[in-house]
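# Fold and geometry: a report
Okay, here's what each chain looks like letter by letter:
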Amino acid sequence: MASININTDALVVFANKLEKIGRSDLPVVINQTLNNAAFDVKQRTLLQSTSSEFTIRQKRFFSGTSTVKKSTGFNINTMKSQVGFKGG
């Protein structure tokens, strides 16, 4: 039978660290994480998936026509990053 061992000492230490962070630290980290993920999609994932689905005639087409809308602000509930194609 599987068992789970929870180290409550480590949990207390982590909770103390969370209480000490500044008010804007968490939103800044969330923005950075969302933006890093969006740029990863644009620079790597998009190019990998399109190369297996499309015939690539112009090497820079997908990287040149795709764009990232970065996450901004401090309201965690409305934060988002977007990856898409530029309008013509």
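Okay, so let's go over this structure. No experiment lies behind these values; they were computed from the predicted model shown.

## Quick word on the packing of aromatic side chains
Taken as a whole and assessed by the stated rule, the structure comprises three aromatic pairs. Centre to centre, the rings of Phe-61 and Phe-62 are 5.1 Å apart; their planes meet at 80 degrees, and the pair counts as edge-to-face. The exposure class of Phe-61 is partly exposed, given its relative accessible area of 38%. The exposure class assigned to Phe-62 is buried, which follows from its relative accessible area of 13%. Consider the rings of Phe-62 and Phe-85, whose centres lie 6.2 Å apart with planes at 65 degrees: the pair is edge-to-face. Of this pair, Phe-62 sits in helix α3 (residues 61-65) while Phe-85 is found in strand β2 (residues 82-85), placing the two residues 23 residues apart along the sequence. One aromatic cluster in this structure is built from Phe-54, Phe-61, Phe-62 and Phe-85.

## Brief notes about helix α2 (residues 25-53)
Here α2 is 29 residues long and its end C-alpha atoms lie 40 Å apart, about the 42 Å a rise of 1.5 Å per residue gives. Its axis deflected by about 45 degrees at Val-41, α2 carries its strongest bend there. Those residues of α2 that sit buried are Pro-27, Asn-31, Asn-35, Ala-38, Lys-42, Leu-46 and Thr-50. The inward-facing, buried residues of α2 contact α3, β1 (66-69) and β2.

## A look at the environment of Glu-19
Checked against the element boundaries, Glu-19 lands in helix α1 (residues 8-20). Each C-alpha atom, one on Glu-19 and one on Gln-48, is 41 Å from the other, the two residues being 29 residues apart in sequence.

## Looking at the pattern of salt bridges
Applying the stated criterion across every chain, the model contains one salt bridge. In this structure, Asp-40 engages Arg-44 in a salt bridge whose closest nitrogen and oxygen atoms are separated by 2.7 Å. Highlighted residues: Asp-40 and Arg-44, both in helix α2, separated by four residues, approximately one helical turn. For Asp-40, a relative accessible area of 27% translates into the label partly exposed.

What counts, and where the lines are drawn
Residues numbered from 1 in each chain as written. Predicted model: local features only at pLDDT ≥ 70, side-chain atom pairs only at ≥ 80, totals over all residues. Heavy atoms only, no water. Phe/Tyr/Trp six-rings, centres within 6.5 Å; stacked < 30°, edge-to-face > 60°. Buried < 20%, exposed > 50% of the residue type's maximum accessible area, 1.4 Å probe, protein only. Helix = DSSP H or I, 4+ residues; strand = E, 2+ residues; numbered from the N terminus. Expected span 1.5 Å × (residues − 1). Bend = angle between axes of the 7 residues up to and from the residue. Contact = heavy atoms within 4.5 Å. Salt bridge = Lys/Arg side-chain N within 4 Å of Asp/Glu carboxyl O.

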